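Each chain is listed here by its residues.
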Amino acid sequence: MKFENKALTENKYVLDWIEEMASLTNPDRIVWITAREDQLEALRKEACSTGELTKLNEELLPNCYLHRTAVNDVARVEARTFICTRKKEDAGNINNWIDPVECYARLTKLYKNSMVGRTMYVIPYAMGQLGSQFAKYGVELTDSIYVVLNMVIMTRAGEAVGKYLDENFIKGLHSKATLDPDNRYICHFPEDNTIWSVNSGYGGNVLLGKKCFALRIASYLGKNEGWMAEHMLILGLQSPDGVIKYIAAAFPSACGKTNLAMLIPPEYYSKKGYKIWCVGDDIAWLRVGHDGRLWAINPENGFFGVAPGTNEHSNPNALAATKRDAIFTNVCHDLDNNTVWWEGLNDDPPKNALNWKGEKWDYRSYDKADKINTSGAHPNSRFTAVAKNCPCVSPEFDNPDGVPISAIVFGGRRAKTAPLVYQSFDWQHGTFVGSIMASETTAAAAGAIGVVRRDPMAMRPFVGYDMGDYWAHWLEMGKKIPDPPKIFHVNWFRTDDEGHFIWPGFGENMRVLMWILARCDGKAEAKKTPIGYVPYEKDINLEGIDVSDETLTELLSIDTASWKEDIENIKEFYSLVGDRVPEELKEELKALEKRLG
Ligand code: OXD
Ligand code: MN
């Protein structure tokens, strides 16, 4: 095998695998990614020369680039994502499955000679801090410079990783091939530590360290090795005495997860000296520490955030992180300034611009009902930003031991069913609360409005094995954590009868976090209700916001009728998950039904 530069490992197992993949895909050149600045700069130049990237205004957006994916390749494709376990039942009813022998054969045909005339980049990378007990290592082979440059932001990639590569590394093969949507596959072989992705160039399908490794493969490893990989943000809330308490929180998409991860405390709290630190915005790996608490790291090194809606008000920290060293995907290109724009950035769309497809764009044609065809930026357009460029990045971001978690928070978008916040009775009940997590579809999403989609632990598309076994693993973990975090559920999206949100959300969500931490410290009482512990009105601080006592009572009320309706939906979902739903959770469901009367 002929590398253009020096191999970064001598491990024969790793080299043999690269050789095998290279003889299948047949690239013209093979280059190891050292991630040294001179190499990256040469790759950026090359990508600009072919149109793969556009360099943006160096003064306004230093070291920032714009990329457009194919118009039919703009999001993760769950229907084409597969968990290929030898036994179908191990992938479970929620995942798509193909027999691994058949899948390897089918994809081998698609990879055959797919890199002829192209370069294969060999990206050694770590999820987590190099050398940390949490860290896991992988190699992604790809024919895309865009993937290389994104992986260098999103993971700890490059020459320092070489010495950590051994037989346990995660083998990732990605080829854009022909970008044929009918032959697009995102396949996971958890029993072989392997990920194969073909015919896509979109982030979540091709940055294999993220959803594919850090959630799907890692959740499987975690089950076997006694730890957890979760779709959770991690934030630290610092009180005026300097003490920082950490919260891990899981939300389905479109619930403001990145905004919560980077929350700016409202003036009432900031004046007193409170502060929020962001450890992670998407993924948490959790392990039991020597002190008996649950500790977490963010295995990533950057943010792959949704651009539309990000602005000075909703998330100034994320916006600041995009001001340098960022890659923008499928946003609107302001040609006068050579900068970028997206819906919800400000009220001043560029007058001379290209839309996300690269076509001349007239902002006056924008129609909310047809965003895909009329918006400047694609609704799922993204920024890839270096975590360290975020003003509120936690000082513990690189701590190889992670941070101790006081509270786990689940959330969803529910008009009526879930109160603003409640606490589970214990770990088992908390696991149940996670298992019944759900969101109602909004006008923003395609399809009917108000349809409940169950998304347990926000992991529905990301568990690399059977969902029932995953819940069983949660219950097992609960037995192994001597001093477990308390588990809560929040809902920022409660509405009145006219459908208006009655909670202000955004920074004001800090008021709810304060109650959660007070509960963890044993400093707040709570009402025992059929669904869990709910705050007394007096314990949610409303100073400085326009929320009346009546509204708070409404926010904390339990709508028994809608809970009873929900029970039926949960039963259907449990039977969809199938016969591996743990008995303990079925009992929790029965007990809830009984308490509701
Ligand atoms: C993401 C997602 O992109 O959850 O983070 O879809
Ligand atoms: Mn996510």
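As the structure is a computational prediction, the values presented were derived from the model and not from experiment. (Residues numbered from 1 in each chain as written. Chains lettered and ligands numbered in written order. Predicted model: local features only at pLDDT ≥ 70, side-chain atom pairs only at ≥ 80, totals over all residues. Heavy atoms only, no water.)

Chemist: Even after reading the chapter, I still don't get the coordination of the manganese ion (ligand 2), so can you show me in this structure?
Modeler: For a metal bound by four donors in tetrahedral geometry, the ideal donor-metal-donor angle is 109.5 degrees, whereas six donors in octahedral geometry ideally sit at 90 or 180 degrees. For the manganese ion (ligand 2), the full set of protein donor atoms is Lys211 (NZ), His231 (NE2) and Asp282 (OD), at a range of 2.1 to 2.2 Å. When the donor residues of the manganese ion (ligand 2) are listed from N- to C-terminus, their spacing reads K-x19-H-x50-D. Of the two residues, lysine 211 is situated in helix α7 (residues 209–225) and aspartate 282 in the loop between β14 (275–280) and β15 (284–288); the sequence distance between them amounts to 71 residues. The pair formed by lysine 211 and aspartate 282 is uniform in burial state, with each residue classed as buried. (Donors = N, O, S within 2.8 Å, 3.2 Å for Na, K, Ca; no water. Helix = DSSP H or I, 4+ residues; strand = E, 2+ residues; numbered from the N terminus. Buried < 20%, exposed > 50% of the residue type's maximum accessible area, 1.4 Å probe, protein only.)

Chemist: Please clarify how the site of ligand 1 should be interpreted in this entry.
Modeler: Taken together, Arg76, Lys211, His231, Asp282, Arg382 and Phe462 make up all the residues around ligand 1. Here an oxygen atom of ligand 1 and a side-chain polar atom of arginine 76 are 2.8 Å apart. In the environment of ligand 1, an oxygen atom lies 3.0 Å from a nitrogen or oxygen atom belonging to the side chain of arginine 382. Contact with the protein chains removes 82% of the 210 Å² of surface that ligand 1 exposes when unbound. (Near = heavy atom within 4 Å. Polar contact = N/O pair within 3.5 Å; in protein donor to acceptor, adjacent residues only side chain to side chain. Areas by Shrake-Rupley, 256 points an atom, 1.4 Å probe, with all protein chains shown as cover.)

Chemist: What is the right way to look at helix α16 (residues 560–577) in this model?
Modeler: Turn by turn, an α-helix covers 3.6 residues, leaving residues three or four places apart pointing in a common direction. The end-to-end C-alpha separation of α16 is 25 Å, in line with the 26 Å expected for 18 residues at 1.5 Å each. Taken as a whole, α16 has its buried residues at Ser562, Trp563, Asp566, Ile567, Ile570, Phe573, Tyr574 and Val577. In an axial view of α16, the angular spread of the buried residues amounts to 150°, which keeps them on one side of the axis. Along α16, the residues that are exposed and aim more than 90 degrees away from the buried face are Ala561, Glu565, Glu572 and Ser575. The elements touched by buried residues of α16 are β25 (421–423), α12 (427–435), β27 (452–454), α13 (467–480) and α17 (583–596). The first or second residue beyond α16 is glycine 578, which carries a positive phi of 105°. (Expected span 1.5 Å × (residues − 1). Arc of directions from axis to C-beta. Contact = heavy atoms within 4.5 Å.)

Chemist: Got a minute to help me understand the domain arrangement of the protein in this structure?
Modeler: Frequently, the measure chosen for interface size is the accessible area removed from exposure when the parts meet. Each assigned domain of the protein is listed here: domain 1 (12–32 + 77–225), domain 2 (230–298 + 397–596) and domain 3 (303–389). Here the C-alpha centroids of domain 1 and domain 3 sit 29 Å apart. Facing the 10 residues of domain 1 at the interface are 10 residues of domain 3. For domain 1, the biggest contributors to the area lost against domain 3 are Tyr146, Ile153 and Tyr202; these three give 60% of the whole. Across the domain 1-domain 3 interface, the total number found is 0 salt bridges. Between the two partners, domain 1 and domain 3, sit 4 residue pairs in polar contact (both at pLDDT 80 or more). At the level of elements, α5 (145–154) and α6 (203–206) are the ones that each hand at least two residues to the side of domain 1 that touches domain 3. Looking at which element gives the most residues to the side of domain 1 that touches domain 3, the answer is α5, with 5 residues. Residue classes in the side of domain 1 that touches domain 3 are distributed as 6 nonpolar, 3 polar and 1 charged. (Domains from an automatic or database assignment. Buried area = accessible area lost by both parts, 1.4 Å probe. Salt bridge = Lys/Arg side-chain N within 4 Å of Asp/Glu carboxyl O. Nonpolar A, V, L, I, M, F, W, Y, C, P; charged D, E, K, R; others polar.)

Chemist: I tried to follow the environment of aspartate 539 on my own but got confused; where do I start?
Modeler: Its place among the elements puts aspartate 539 in the loop between β30 (533–534) and α15 (549–555). Assessed through its relative accessible area of 24%, aspartate 539 is described here as partly exposed. Once the C-alpha coordinates of aspartate 539 and glycine 305 are considered, the two residues, 234 residues apart in sequence, prove to be 33 Å apart. Every residue in contact with aspartate 539, bar those within four places of it in the chain, is listed here: Trp515, Ala524 and Glu525.

Chemist: Looking at this structure, how should I read the packing of aromatic side chains?
Modeler: Two aromatic rings, taken as a pair, are described by how far apart their centres are and by the angle between their planes. The full count for this structure, using the stated rule, is 28 aromatic pairs. Between tryptophan 17 and phenylalanine 169, the aromatic rings sit 5.3 Å apart at their centres with planes inclined by 70°, giving edge-to-face as the arrangement. Linking tryptophan 17 in helix α1 (residues 12–25) with phenylalanine 169 in the loop between β7 (156–157) and β8 (170–175), this pair joins segments that are 152 residues apart in sequence. Across the pair, phenylalanine 169 and tryptophan 17 agree in class, each one buried. With 4.9 Å between their ring centres and 5° between their planes, tyrosine 137 and tyrosine 164 make a pair best called stacked. Pair noted here: tyrosine 137 is in strand β6 (residues 136–142) and tyrosine 164 is in the loop between β7 and β8, with a separation of 27 residues, a long-range link. The exposure class of tyrosine 137 is buried, given its relative accessible area of 13%. Taken together, the aromatic side chains of Tyr104, Tyr111, Phe189 and Trp196 make up a single cluster linked through ring pairs. Lying across the ring of tyrosine 533, arginine 519 places its NZ or CZ 5.2 Å from the centre. (Phe/Tyr/Trp six-rings, centres within 6.5 Å; stacked < 30°, edge-to-face > 60°. Lys NZ or Arg CZ within 6 Å of the ring centre and 35° of its normal.)

Chemist: Looking at this structure, I do not really get the packing of α13 against α16. What am I missing?
Modeler: Each pair of packed helices can be described by the angle between their axes along with the distance between the axes. Look at α13 against α16: their axes get within 8 Å of each other, and the N-to-C directions meet at 105°. With respect to α16, the axis of α13 lies roughly perpendicular. Contacts between α13 and α16 involve Met467, Gly468 and Trp471 from the former and Phe573, Tyr574 and Val577 from the latter. (Axes fitted to C-alpha atoms, helices over the stretch in contact; angles between N-to-C directions. Parallel < 35°, antiparallel > 145°, perpendicular 65-115°, else oblique.)

Chemist: For this particular structure, what's the right way to read the sheet that holds strand β18 (residues 327–329)?
Modeler: Strands pair in a sheet through their backbones, by hydrogen bonds, and they do so in one of two ways: parallel or antiparallel. The sheet built from 5 strands is open, its strands ordered β2-β3-β18-β23-β17 with mixed pairing. The sheet is open, and its two edges are formed by β2 (54–55) and β17 (302–306), each paired on a single side. Examined bridge by bridge, β17 and strand β23 (residues 382–386) share 5 bridges and lie antiparallel to one another. Note on β23: the bridge partner recorded for valine 306 is arginine 382. (Pairing = 2+ DSSP bridges.)

Chemist: Would you explain the pairing of strand β12 (residues 232–238) in this entry?
Modeler: Taken residue by residue, a regular strand's side chains alternate between the two faces of the sheet. Across the 7 residues of β12, 7 count as buried, placing the element largely inside the fold. Burial along β12 is two-sided: Met232, Ile234, Gly236 and Gln238 and Leu233, Leu235 and Leu237, pointing in opposite directions, are all buried. Relative to strand β13 (residues 244–250), β12 runs antiparallel, the two sharing 7 bridges. Paired with glycine 236 across the bridge in β13 is tyrosine 246. Linkage of β12 to β13, two consecutive antiparallel strands, is achieved through a turn of 5 residues, within which glycine 242 is found at a positive phi near 90°. Here β12 pairs with β14 via 5 bridges, running antiparallel. Within β14, the position partnered with glycine 236 by the bridge is tryptophan 277.

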